[in-house]
There are 4 protein chains.
Amino acid sequence: MSNYQDIKQQAYEANMQLPKLGLVLFTFGNVSAADRSKGVFAIKPSGVPYEDLTPDKMVIVDFDGNTVEGTLRPSSDTKTHAVLYKHWEDIGGVVHTHSTYGTAWAQAQKAIPIFGTTHADHLTVDIPCAPPMDDAMIKGNYEYETGFQIMNHFESLGLSHKEVEMILVGNHAPFTWGKTAEKAVYNSAVLEAVAQMALLTQQINPQAPKLKDSLIEKHYERKHGAGAYYGQQ
Amino acid sequence: MSNYQDIKQQAYEANMQLPKLGLVLFTFGNVSAADRSKGVFAIKPSGVPYEDLTPDKMVIVDFDGNTVEGTLRPSSDTKTHAVLYKHWEDIGGVVHTHSTYGTAWAQAQKAIPIFGTTHADHLTVDIPCAPPMDDAMIKGNYEYETGFQIMNHFESLGLSHKEVEMILVGNHAPFTWGKTAEKAVYNSAVLEAVAQMALLTQQINPQAPKLKDSLIEKHYERKHGAGAYYGQQ
Amino acid sequence: MSNYQDIKQQAYEANMQLPKLGLVLFTFGNVSAADRSKGVFAIKPSGVPYEDLTPDKMVIVDFDGNTVEGTLRPSSDTKTHAVLYKHWEDIGGVVHTHSTYGTAWAQAQKAIPIFGTTHADHLTVDIPCAPPMDDAMIKGNYEYETGFQIMNHFESLGLSHKEVEMILVGNHAPFTWGKTAEKAVYNSAVLEAVAQMALLTQQINPQAPKLKDSLIEKHYERKHGAGAYYGQQ
Amino acid sequence: MSNYQDIKQQAYEANMQLPKLGLVLFTFGNVSAADRSKGVFAIKPSGVPYEDLTPDKMVIVDFDGNTVEGTLRPSSDTKTHAVLYKHWEDIGGVVHTHSTYGTAWAQAQKAIPIFGTTHADHLTVDIPCAPPMDDAMIKGNYEYETGFQIMNHFESLGLSHKEVEMILVGNHAPFTWGKTAEKAVYNSAVLEAVAQMALLTQQINPQAPKLKDSLIEKHYERKHGAGAYYGQQ
């Protein structure tokens, strides 16, 4: 029995949610789950079809991206996950997908405008889109630099990763995170739904205004504020 | 055995139709079913996943929004349901979803134009879109005021809630109602289908005219008029 | 045992294909199957959910629209079917749906342009769209007149119902037919697929030209011509 | 037992993936699998529904398009497959579909622009679109000439079929290939996903720039280059 059975199980279950939620084709996505006490995370092995996954196939990696346990090669995006875990010390799960609408916004190099309460139930700003990386970062330690591209864009916008748990990487695709792998997967599905509705909104009304501040605040606070009353206690 | 077993069962079954009809992601929707003789309605508990619902988890609430029976917190939209039941005395079910196309029209702040007979089979006017509420209403008793925003918009347009059983709340999403919870769910699915077809119609022909009066009258009357001949007697 | 068991079974099976192929929501569609030797057709009862259908519930109607056998009320579109059977003596099945993309083109009052070989595999011209009926026809014997609107539009375009087995009725939705009910259902699914691809084609390239004559002829003839070589002999 | 049991089984399984991946309606597609040592390929019989397929129904054809074994007529597109196998000596599978988005781009007569890393993970250039054939080719040996149209377009663009395993045939639909039938089917699904995301990208941002060279190279090389690190070894 592995010392990391818990996070292997969590990562396995969270990965299996991706095809079920329609967020991946073939192996175009990956989820990891961290164990902060041990300084490691469990992540999907690279290129292995979802139908062949088992908890035991998850690879254990430390926050510098070194494999700690497992015979399979970890996801090619492992270093991006590692960077985010290392620098954002309160996240427990990271997800990367090429979901259809989220990826289309990333390819369009556009942040997803906040048009409605579905969006504001989860975050109070446009879903940010980091610009494509510069050539030196791409030709260098690409996946490692992707993590920094994400963090740098958050810093440049003054955003907190605790409040905004999702981003598009320009020309690439969405990344999401959360307290747990399960929450990070939830965020990926929310991003995809919001991305589709935002495109449809602009098609119906190219002059659609963004949501006004009072509605943003109301919806975000009823789910996340001190006096939140959404869900069970 | 609860005194409200009937409406708990009705509300449970109607709620379970939402994911089956593709109208909700996660917990982004809720259905209630009223018992007029007892002055209460059964409603989905807040934030509980559909796969975990049972009839016994439905919460019983009176028409002022007070919980009468149940240990779980009712849907965060409960007060909107309560207001509609209190003021529209002949409705027996209310539904709220964030269905994709309906929500996109709400975010676009546009009524859904009546373009065809699918629409006219159910109502004779554009599906109305109430404007976003003013800031005082939002910062105040928000969900309670949402009910009034709906009723006020119907009044301003001279619409009857008996003939038009659906609305978009601007920047938010659809609400529907009906004699029963089952009928209200049916109306939510109709709204979503009509919303999608209306967008596609405008994409094919930006100058598409609305349905003419004679066709509106014919289709509505054959389903709802004195001489209706659609369905079984 | 009914004298009409064969067509009841055919109509039942063909009706059940509509939800399976994603062509109907609730009861928004109907299929009939004719027995030419007996001068009747079997058609879906009006407003009965597909999951409650059985072969025995099909209603037997003659080509003037009179019910010959069955306790349920036939589809509200029955007279349209009757007119087509009466005047087009070689068809054995008729289908009406409100399928999403086909209905959007009908609402847009536009024929579906022939853009590719998928279209030309089935017909050599745009899928015609009959204009909305005039008010006298609508206020009169509406469903009966719908049949004549379809036939008149074919005549005005010089089309043969043997070669073009589908039409859009403006502001309403598609009708299709064929030698059998099964073939008519097949045509409904083809119309919907072609309708979706035509809209996408125009979105990608608003100046997309129609398919040229040589390709139209080649694809149609390889499936339908004297030297057809598609399918088994 | 047939001498060709292996490729019949491969072709059968690959064909059955098409409906499972949502790439075909009815019989609008076909897959073949080659045995280079015997100079033949197994291909779907023409017009036979997927649910009726068995490995034994696959037809064995040589690289000149002559049937070698099998009682059913092979796919009407057989000669296109034969030409590609004959001239591209390292491919082991060919797929033709009328998948929705891929076909829409073909009907629009537009190559699919390379907008993101999902695309660059598989090829480094726009997905090419061969122009519609000239009338002499169409009226002559049409399916045979389709193979040459594909090869000629690759030659005119200076593309290698080993690096670019997919094409659109203008006004018609996609063709893909690969080392195996399974890989060719994979490529068909990738083409469809990329085609959908490219259209959405242009809808979000009509000025969306193509992916820059450094990102194209990085993503292609990490999957296909000498130092590839995607997947298992």
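In this text, all values refer to a predicted model and were calculated from it rather than measured experimentally. (Residues numbered from 1 in each chain as written. Chains lettered and ligands numbered in written order. Predicted model: local features only at pLDDT ≥ 70, side-chain atom pairs only at ≥ 80, totals over all residues. Heavy atoms only, no water.)

(A) Fine view of the overall build of chain A. Secondary structure summary: chain A contains eight helices and eight strands in total. Over its C-alpha trace chain A gives a radius of gyration of 17 Å, about what one expects of a compact globule, namely 17 Å for 233 residues. In terms of its C-alpha atoms, chain A occupies a principal-axis envelope of roughly 55 × 45 × 30 Å. Taking all 233 residues of chain A together, 61% fall into the buried category. Sequence separation of at least 24 residues holds for 63% of the intrachain contacts in chain A that already meet a minimum separation of 6. Entry remark: accessible area of chain A is about 8700 Å², with carbon and sulfur atoms responsible for 47%. A gap of 3 Å separates the mean positions of the 19 positive and 26 negative side-chain charges of chain A. (Helix = DSSP H or I, 4+ residues; strand = E, 2+ residues; numbered from the N terminus. Rg over C-alpha atoms; globule rule 2.2 N^0.38 Å. Buried < 20%, exposed > 50% of the residue type's maximum accessible area, 1.4 Å probe, protein only. Contact = heavy atoms within 4.5 Å. Areas by Shrake-Rupley, 256 points an atom, 1.4 Å probe, with all protein chains shown as cover. Lys, Arg positive; Asp, Glu negative; His and termini not counted. Charge placed at Lys NZ, Arg CZ, Asp CG, Glu CD.)

(B) Spotlight on the packing of helix H7 (residues 181-204) of chain B against helix H3 (residues 100-108) of chain C. For the pair H7(B) and H3(C), the least separation of the axes is 8 Å and the interaxial angle reads 55°. Between H7(B) and H3(C), the angle is such that the two are oblique. Crossing of H7(B) against H3(C): the hand is right-handed. From H7(B), Gln196(B), Met197(B), Ala198(B), Leu200(B), Thr201(B) and Ile204(B) reach across to H3(C), where they touch Thr100(C), Tyr101(C), Thr103(C), Ala104(C), Trp105(C), Gln107(C) and Ala108(C). Considering only residue class, the contact of H7(B) with H3(C) consists of eight nonpolar, five polar and no charged. (Axes fitted to C-alpha atoms, helices over the stretch in contact; angles between N-to-C directions. Parallel < 35°, antiparallel > 145°, perpendicular 65-115°, else oblique. Left-handed = near helix turned anticlockwise from the far one by under 90°. Nonpolar A, V, L, I, M, F, W, Y, C, P; charged D, E, K, R; others polar.)

(C) Region of interest: the relation of the copies chain C and chain B. Each copy of the sequence occupies a distinct position, and chain C is placed on chain B by a rotation of 90° and an axial shift of 0.0 Å, giving an RMSD of 0.0 Å. What the rotation and shift describe, once combined, is the action of a four-fold rotation axis. Looking at the rotation axis and the C-alpha trace of chain C, the residue lying nearest is Gln203(C), at 5.9 Å. Residue by residue, only 3% of the interface of chain C is reproduced at the interface of chain B, so the copies engage with different surfaces. (Least-squares fit on C-alpha atoms with pLDDT ≥ 70 in both.)

(D) Quick peek at the relation of the copies chain A and chain B. Of the two same-sequence chains, chain A is brought onto chain B (RMSD 0.0 Å, axial shift 0.0 Å) by a rotation of 90°. A distinct binding surface is used by each copy, with only 3% of the interface residues of chain A retained as interface residues in chain B.

(E) View of the interface of chain A and chain B. Chain A puts 35 residues into the contact, and the matching count from chain B is 36 residues. Carbon and sulfur atoms supply 57% of the area buried between chain A and chain B, which totals about 3000 Å² over both sides. At the junction of chain A with chain B, the criterion picks out three salt bridges. One salt bridge connects Arg222(A) with Asp77(B), and the closest N-O pair in it is separated by 3.4 Å. Taken together, the connections running from chain A to chain B amount to 21 residue pairs in polar contact (both at pLDDT 80 or more). Residue assignment for the side of chain A that touches chain B shows that the elements contributing at least two residues are helix H4 (117-120), helix H7 (181-204) and helix H8 (213-224) of chain A. In terms of residue count, H7(A) provides more of the side of chain A that touches chain B than any other element does, eleven residues in total. Residues that form the side of chain A that touches chain B fall into these classes: 17 nonpolar, 13 polar and five charged. (Buried area = accessible area lost by both parts, 1.4 Å probe. Salt bridge = Lys/Arg side-chain N within 4 Å of Asp/Glu carboxyl O. Polar contact = N/O pair within 3.5 Å; in protein donor to acceptor, adjacent residues only side chain to side chain.)

(F) Representation of the packing of aromatic side chains within the structure. Counted under the stated rule, the structure contains 36 aromatic pairs over all chains. Joined through ring pairs, the aromatic side chains of Phe26(A), Phe28(A) and Tyr186(D) make up one cluster. One cation-aromatic arrangement involves Lys223(B) over Tyr230(B); the distance from NZ or CZ to the ring centre is 4.4 Å. (Phe/Tyr/Trp six-rings, centres within 6.5 Å; stacked < 30°, edge-to-face > 60°. Lys NZ or Arg CZ within 6 Å of the ring centre and 35° of its normal.)

(G) Molecular detail of helix H3 (residues 100-107) of chain B. Residue and element names in this part refer to chain B. The buried fraction of H3 is high, at seven of eight residues. Within H3 the residues assigned to the buried category are Tyr-101, Gly-102, Thr-103, Ala-104, Trp-105, Ala-106 and Gln-107. Count one or two residues on from H3 and you reach Gln-109, which has phi positive near 55°.

(H) Main features of the interface of chain C and chain B. Taken together, the contact pairs 36 residues of chain C with 35 residues of chain B. Summing the contributions of chain C and of chain B, the shared interface buries around 3000 Å²; its carbon and sulfur component is 57%. Inspection of the chain C/chain B interface yields three salt bridges. Note that Asp135(C) and Lys212(B) form a salt bridge whose closest N and O atoms lie 3.2 Å from each other. Viewed at the interface, chain B and chain C are joined by 21 residue pairs in polar contact (both at pLDDT 80 or more). Put simply, the parts of the chain that give the side of chain C that touches chain B at least two residues each are H3, helix H5 (135-139), helix H6 (142-157) and helix H7 (181-204) of chain C. Per element, the largest residue contribution to the side of chain C that touches chain B is seven residues, and it comes from H3(C). The residue makeup of the side of chain C that touches chain B, split by class, is 15 nonpolar, 14 polar and seven charged.

(I) Spatial organisation of the UniProt feature "domain: Class II aldolase/adducin N-terminal" (unreviewed entry) in chain A. As recorded in UniProt, the feature "domain: Class II aldolase/adducin N-terminal" (unreviewed entry) lies at residues 9-199 of chain A. As annotated, residues 9-199 of chain A has a helix share of 39% and a strand share of 18%, and its two end C-alpha atoms lie 36 Å apart. (UniProt positions renumbered as here; feature names shortened; annotations may be inferred.)

(J) How the structure looks around the side chain of Ser46(A). Its place among the elements puts Ser46(A) in the loop between strand E2 (40-43) and strand E3 (59-62). With residues up to four places along the chain from it excluded, the contact list for Ser46(A) reads Arg73(A), Pro74(A), Ser75(A), Ser76(A), Tyr229(D), Tyr230(D), Gly231(D) and Gln232(D).

(K) Representation of the pairing of strand E1 (residues 29-35) of chain C within the structure. All names here are of chain C. With seven of seven residues buried, E1 is to be regarded as a mostly interior element. As judged from the five bridges shared by E1 and strand E5 (residues 93-97), these two strands associate in the antiparallel manner. Looking at the pairing, Val-31 lines up with Val-95 of E5. Between E1 and strand E2 (residues 40-43), which follow one another and run antiparallel, lie four residues, and Gly-39 among them has a positive phi close to 70°. (Pairing = 2+ DSSP bridges.)

(L) The arrangement of a negative patch on the surface in detail. There is a patch of like negative charges on the surface, built from Glu163(A), Asp213(A), Glu217(A) and Glu221(A). Of note, Asp213(A) is situated in helix H8. (Patch = residues over 30% accessible without salt bridge, like charges linked within 9 Å, V, L, I, M, F, W, Y side chains within 5 Å.)

(M) The side chain of His98(D), seen in detail. Residue position: His98(D) is located in the loop between strand E5 (93-97) and helix H3 (100-107). Those residues in contact with His98(D) that sit more than four places away from it in its chain are Thr117(C), Thr118(C), Asp121(C), Met197(C), Leu23(D), Phe28(D), Thr103(D), His172(D) and Ala173(D).

(N) Focus on the sheet that holds E2(A). Residue and element names in this part refer to chain A. Pairing is mixed in the open sheet, where eight strands are placed in the order E4-E3-E2-E1-E5-E8-E7-E6. The two strands at the open ends of the sheet, each matched to only one other strand, are strand E4 (67-69) and strand E6 (129-130). Pairing analysis gives four bridges linking strand E5 (residues 93-97) to strand E8 (residues 174-178), with the strands arranged antiparallel. From the neighbouring strand, His-96 faces E8, where its bridge partner is Phe-175.

(O) Main features of the sheet that holds strand E6 (residues 129-130) of chain B. Residue and element names in this part refer to chain B. In space, the eight strands of this open sheet follow the order E4-E3-E2-E1-E5-E8-E7-E6, with mixed pairing throughout. The open sheet is flanked by strand E4 (67-69) and E6, the only strands paired with a single partner. Contacts between helix H1 (residues 5-20) and the sheet are confined to strand E1 (29-35), strand E2 (40-43), strand E3 (59-62), E4 and strand E5 (93-97), with E1 contributing the most and set at about 155° to the helix.

(P) Seen up close, the pattern of salt bridges. Summed over all chains, the structure comprises 36 salt bridges over all chains. In this structure, Asp90(D) engages Lys162(D) in a salt bridge whose closest nitrogen and oxygen atoms are separated by 3.3 Å. Taken together, the residues span a long stretch of sequence, with Asp90(D) in the loop between helix H2 (78-87) and E5 and Lys162(D) in the loop between helix H6 (142-157) and strand E7 (166-169) at a distance of 72 residues. Classification of Asp90(D) by relative accessible area gives partly exposed; the value is 27%. Across the salt bridge formed by Glu165(D) and Lys183(D), the nearest N and O atoms sit 2.9 Å from each other. With Glu165(D) in the loop between H6 and E7 and Lys183(D) in helix H7 (residues 181-204), this pair connects stretches of sequence that are 18 residues apart. Overlapping salt bridges bring together Asp77(A), Glu143(A) and Arg222(D) as one network.

(Q) Focus on the arrangement of the chains. Chain A shows no contact with chain C. Their nearest C-alpha atoms sit 12 Å apart. The two units chain B and chain D are non-contacting; their minimal C-alpha-C-alpha distance is 12 Å.

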